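Structural overview
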Amino acid sequence: MYKSDFEIKKELCEIGRRIYNDGFVAANDGNFSVKIDDNTYYVTPTGVSKGFMTPEMICKVDGQGNLKEANGPWKPSSEFKMHLKVYQQRPDVNAVVHAHPPIATSFAIAGIPLDKLIMPEAIIFLGAVPIAQYGTPSTMEIPESLEPYLQDYDAILLANHGALSFGCDLNTAFFRMESTEFYAKLLFYARMLGGEKEIPCGEVKKLVELRKQFGVPGKHPMEKLCPGCYEGDDTCSMSPTEANKKYGVESSAAYHGFQPLPSQVCPTPSSSNKDMESLVAEVTKKVMEQLNK
């Protein structure tokens, strides 16, 4: 059903209140957006508590994050870059939510992905949640860090930062953020009680089939978690963790040694720079020879 611009702005404000009241953000933290078309988005303002937003604060931006309409003192979130990366890579996504849910963010800080499949509802409606490499907020480093995961997951932990979730609409994106925090809470409690017991891969495959029957939108990483189940073994009794070890396929949800992001690598000196360095060295040599005479 078509929603007016004002209704979309009101919905963003309502999600802001829920996220703030749930303790998923503090002060002015967090940002979220809604896609209207390929060159129009509504995004939350920077420097404003998401629990106290009003519709006139919501910013309308284009596909580069520039304001499409003057919006008084309010400017769009500087972290909209990572939203754009999701929209560019996932045409099925129409809303993105970024927050700092405390337990899920603690897993991100500890370098522990949410890749243990322990609860049917989480498997059906969320999947697993990987950790993207750390990047400086508001730079292109975070968008770059998301790329390896966007085609397989609908929620991603951001190392030492928070979480990102996305979906076909704003409520779906928000519910995935809630599910991520609830998943993290259950895994945390289970480990306090002695450790989680994963659902066997064969049973996980059945749950993924249920997901398809329910018509749940989005992506699911099961084929990478246990390739054996998708090669004809319907009775696989291994856990996803055991399957990864057997098949030598590391789950892309796993936290591993990251390589520098493209924007973190110093550019290789061009041939012209090398020529200049040689010229400077030659001139320096000549000057020192004259001084030593």
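That block above? That's the structure.
All chains use their own residue numbering, which begins from 1 and follows the written sequence. This being a predicted model, a pLDDT of at least 70 is required before a residue's local features are given, and a value of 80 or more before pairs of side-chain atoms are given or counted; all residues contribute to the totals for chains, interfaces and linings. Side-chain calculation: all heavy atoms of the structure are included, whereas hydrogens and water are not.

Once that is clear, we can look at the overall build of the protein chain. Helix numbers and strand numbers start at the N terminus; a helix is a DSSP run of H or I with at least 4 residues, a strand a run of E with at least 2. A count of helical and extended segments in the protein chain gives 10 helices and seven strands. Here the analysis covers contacts within the protein chain between residues at least 6 apart in sequence; of these, 66% occur between residues at least 24 apart. For every accessible area listed, the method is Shrake-Rupley and the probe measures 1.4 Å; residues are considered covered only by the protein chains on display. Summed over all atoms, the accessible surface of the protein chain reaches about 14500 Å², with 56% contributed by carbon and sulfur. Contacts are residue-level and defined by heavy atoms, with any inter-residue pair within 4.5 Å sufficient.

What follows concerns the pattern of salt bridges. What counts as a salt bridge is simple: a side-chain nitrogen of Lys or Arg found within 4 Å of a carboxyl oxygen of Asp or Glu. The final tally for this structure, using the stated rule, is 13 salt bridges. Where Glu 69 meets Lys 60, a salt bridge forms, and the shortest distance between an N and an O atom there is 3.4 Å. For Arg 191, the salt bridge is made with Glu 196, and the minimal N-O distance between the two is 2.9 Å. Among the ionic contacts, a cluster of salt bridges with common partners joins Arg 90, Asp 92, Asp 154, Arg 176 and Arg 211.

Another aspect to go through is the nonpolar core. One finds Ile 19, Leu 146 and Leu 157 to be the most contacted residues of the largest nonpolar core, which totals 71 residues. Per-element tally for this core: the top contributor is helix 6 (residues 170–192), with seven residues. Here the nonpolar core consists of buried residues drawn from Ala, Val, Leu, Ile, Met, Phe, Trp, Tyr and Cys, with membership extended through side-chain atoms lying within 4.5 Å. Exposure categories follow from relative accessible area, calculated using a 1.4 Å probe and restricted to protein chains: below 20% of the type maximum is buried, above 50% is exposed, and the middle band is partly exposed.

Pairing is mixed in the open sheet, where seven strands are placed in the order 3-2-1-4-7-6-5. Strand pairing shows two members of the sheet lacking a second neighbour, strand 3 (59–61) and strand 5 (131–132), which therefore form its edges. By definition, two strands form a pair when at least two bridges between them are found by DSSP. Across four bridges, the pairing between strand 6 (residues 155–158) and strand 7 (residues 162–167) is antiparallel. Following the sheet pairing, Leu 157 is matched in strand 7 by Ala 163. Relative to the sheet, helix 1 (residues 5–21) contacts strand 1 (31–37), strand 2 (40–43), strand 3 and strand 4 (95–99), its axis offset from that of strand 1 by approximately 160°. In this description, a line fitted to the C-alpha atoms serves as the axis of each element, helices being fitted only across the stretch in contact, and the angle between N-to-C directions of two axes falls anywhere from 0 to 180 degrees. Across the face of the sheet, helix 3 (residues 102–110) comes into contact with strand 5, strand 6 and strand 7 while running at roughly 60° to strand 6.

Another aspect to go through is the environment of Cys 201. With respect to the element layout, Cys 201 can be found in helix 7 (residues 201–214). Along the backbone, Cys 201 and Glu 242 are 41 residues apart, and their C-alpha atoms lie at a distance of 9.3 Å.

This brings us to unusual backbone geometry. Look at Ala 27: it is not a glycine, yet its phi comes out positive at around 50°. Among the structural elements, Ala 27 can be located in the loop between helix 1 and strand 1. Relative accessible area serves as the criterion here: at 52%, Ala 27 is assigned to the exposed category. The backbone of Asn 160 shows a phi angle near 60°, a positive value even though the residue is not glycine.

With that out of the way, let us pick up the side chain of His 83. Positionally, His 83 belongs in helix 2 (residues 80–89). Here His 83 falls in the buried class, since its relative accessible area comes to 0%. In this view, His 83 contacts Asn 31, Phe 32, Ser 33, Val 96 and His 98; residues no more than four positions away in its chain are not counted.

Most of helix 2 is tucked away: seven of the 10 residues are buried. Taken residue by residue, helix 2 has Phe 80, Met 82, His 83, Leu 84, Lys 85, Val 86 and Tyr 87 as its buried positions.

On to the packing of aromatic side chains, then. A ring pair, where both rings are aromatic, is described by two values, the distance of the centres and the angle of the planes. Geometry of aromatic contacts follows a simple scheme: Phe, Tyr and Trp rings, the Trp one being its six-membered ring, pair when their centres are within 6.5 Å, and the pair is stacked under 30 degrees between planes, edge-to-face over 60, tilted otherwise. Under the counting rule described, the total for this entry stands at seven aromatic pairs. Taken together through their ring pairs, the aromatic side chains of Tyr 41, Phe 80 and Tyr 87 make up a single cluster.

The contact between helix 1 and helix 6 brings their axes to 11 Å, and the two run at 10°. As the angle between them shows, helix 1 and helix 6 are arranged roughly parallel. Across from Glu 11, Leu 12, Ile 15, Arg 18 and Ile 19 in helix 1, the residues of helix 6 making contact are Leu 170, Asn 171, Phe 174 and Phe 175. Of the residues in the contact of helix 1 with helix 6, the class split is six nonpolar, one polar and two charged. Each angle is binned into one of four classes, with values under 35 degrees roughly parallel, values over 145 roughly antiparallel, values of 65 to 115 roughly perpendicular, and all other values oblique. Only Asp, Glu, Lys and Arg are considered charged, only Ala, Val, Leu, Ile, Met, Phe, Trp, Tyr, Cys and Pro nonpolar, and every remaining residue, Gly among them, polar.

Once that is clear, we can look at the environment of Asp 92. With respect to the helices and strands, Asp 92 occurs in the loop between helix 2 and strand 4. With a relative accessible area of 32%, Asp 92 lands in the partly exposed category. C-alpha of Asp 92 to C-alpha of Gly 167: the two residues are 75 residues apart in sequence and 7.5 Å apart in space. If near-sequence neighbours (up to four positions away) are discounted, Asp 92 is found in contact with Gly 167, Cys 168 and Gly 218.

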